[in-house]
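Listed below are the residues making up each chain.
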Amino acid sequence: MAKNDLIGGALWDAYSKKVSERMDNPTHLGVLTQKDADEKNAKLIVADYGAESCGDAVRLYWLVDENDIIIDAKFKSFGCGTAIASSDMMVELCLGKKVQDAVKITNLDVEHALRDEPDTPAVPGQKMHCSVMAYDVIKKAAGLYLGKNAEDFEDEIIVCECARVSLSTIKEVIRLNDLKTVEEITQYTKAGAFCKSCIKPGGHEKRDYYLVDILADVRAQMESEKLKENIAKENNGELSFADMTMVQKIKAVDKTIDENIRPMLMMDGGDMEILDIKNSSDGYIDVYIRYMGACNGCASAATGTLFAIEGVLQEKLDPKIRVLPI
C-alpha cells in the first residue's frame, strides 16, 4: 500500500520518516502459528483489538517461553497507515520483554519510538488516537497469557487516550501547580495535545470526562477548601491579609480604619471610604480610597494624611499595602 493511498500530500509532511517507512514496509507484519510455538517450545498467544473511534483493528501474535519472555511477535493490522506503523513498532518494543513488562508499554512509548527527532511528534495530533490500539492489544494479550481481564491492568480512569493520562493525575497536577487553564494542563501532562477529543465535547470521539469540566470542578473544590481554611484561620486570628478573600480584605481594612484612622479624620470634619482593593503586577496590594467631607481637597490629603493612613494599614495588616486616593 503506497503512502499516497493512505493520506493526502499536505498531511504527509506531518509524519516522521520512520512512520512512512513502516507504513509501506512493516518489519513485523505476519502470522505465528501453533507449529511455530511447538518448534520453539513456547506458548502461542493471539489477541484481537478493534478501535471504534477510527474503525481500525489489529491482531497481535506472541510466542512466550517458560520464563514469560516474548521470544517472537507478529501482527496483522486492518486500517490506516498510522495504525500499521504503530502496530509494527509496538511489536518491536514487545520483543525480548517479559509479559509483565510489556504490558507497561503505552502508546506514547510507541509514538516516541517512531520519532525522527526527540522533540518532533511522529504523527499529526488528529492521528495520535490510532496508536491507542497498541496499548490496548498488549493488555489483551497479557490478559490471555496471565489469565486476567485486560481491565485488570488498568486501575485508573483514562481521560486522554492519546497520552494515557488518568483522571487522578490531571486532578493532582491541577492542585499541585495551581493550574488555571486547559493549556497549562496540556503543558504539564500532554493531555489534549494530540487528537484533542478530551478537551471539550464535540471531538472525533465522545468522552466520559473532559478537561474543561475537570478543571472547573477542581478549581471550584480548591476555592471552597481555601474559603473554609481562611474562615477557620480568620476565626483563630491566623489568617494573613494576603490570603484573605476580597470581602475579608475590605472588612479588615474597614475595621482597621474605624479603630485607628476614622476618629482622627472625623475630628477635623472629614472621612473616607474604601472603593476597591487590587493586587498589583509589581507585588503591592493597592487600596483605593476616596476622601469625604473636609478631607476632600485638603492639602495634607495627598501627603501627611495619606502617609498616616498607609502607615497604619502597613503596620496592622500588611507591609505591602499601598494607598491610592481617587
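The text that follows walks through the structure, step by step, so that each part is easy to find. This one's a predicted model, so the numbers in the text were calculated from it and none came from an experiment. (Residues numbered from 1 in each chain as written. Predicted model: local features only at pLDDT ≥ 70, side-chain atom pairs only at ≥ 80, totals over all residues. Heavy atoms only, no water.)

1. Section: the packing of helix α12 (residues 246–260) against helix α14 (residues 304–316)
Put simply, α12 and α14 touch, their axes get as near as 10 Å, and they point 120° apart. Classified by the angle between their axes, α12 and α14 sit oblique to one another. As α12 runs across α14, the sense of the crossing is right-handed. Taking contact as the criterion, the partners of V253, T256, I257 and N260 in α12 are, on α14, V312, L313 and K316. For the contact of α12 with α14, the residue count by class is 4 nonpolar, 2 polar and 1 charged. (Axes fitted to C-alpha atoms, helices over the stretch in contact; angles between N-to-C directions. Helix = DSSP H or I, 4+ residues; strand = E, 2+ residues; numbered from the N terminus. Parallel < 35°, antiparallel > 145°, perpendicular 65-115°, else oblique. Left-handed = near helix turned anticlockwise from the far one by under 90°. Contact = heavy atoms within 4.5 Å. Nonpolar A, V, L, I, M, F, W, Y, C, P; charged D, E, K, R; others polar.)

2. Focus: empty space enclosed by the protein
One pass over the structure, following the stated rule, counts 1 cavity of 30 Å³ or more. Within this model, the largest cavity holds a volume of roughly 50 Å³. Contributing to the lining of the largest cavity are C160, E161, C195, S197, C198, H204, E205 and R207. For the lining of the largest cavity, a count of residues per class yields 3 nonpolar, 2 polar and 3 charged. (1 Å grid on protein atoms, 1.4 Å probe; cavity = no way out; pocket = protein on both sides within 12 Å on 5 of 7 lines; lining within 4 Å. Points joined across faces, edges and corners; volume = space filled by probe spheres on them.)

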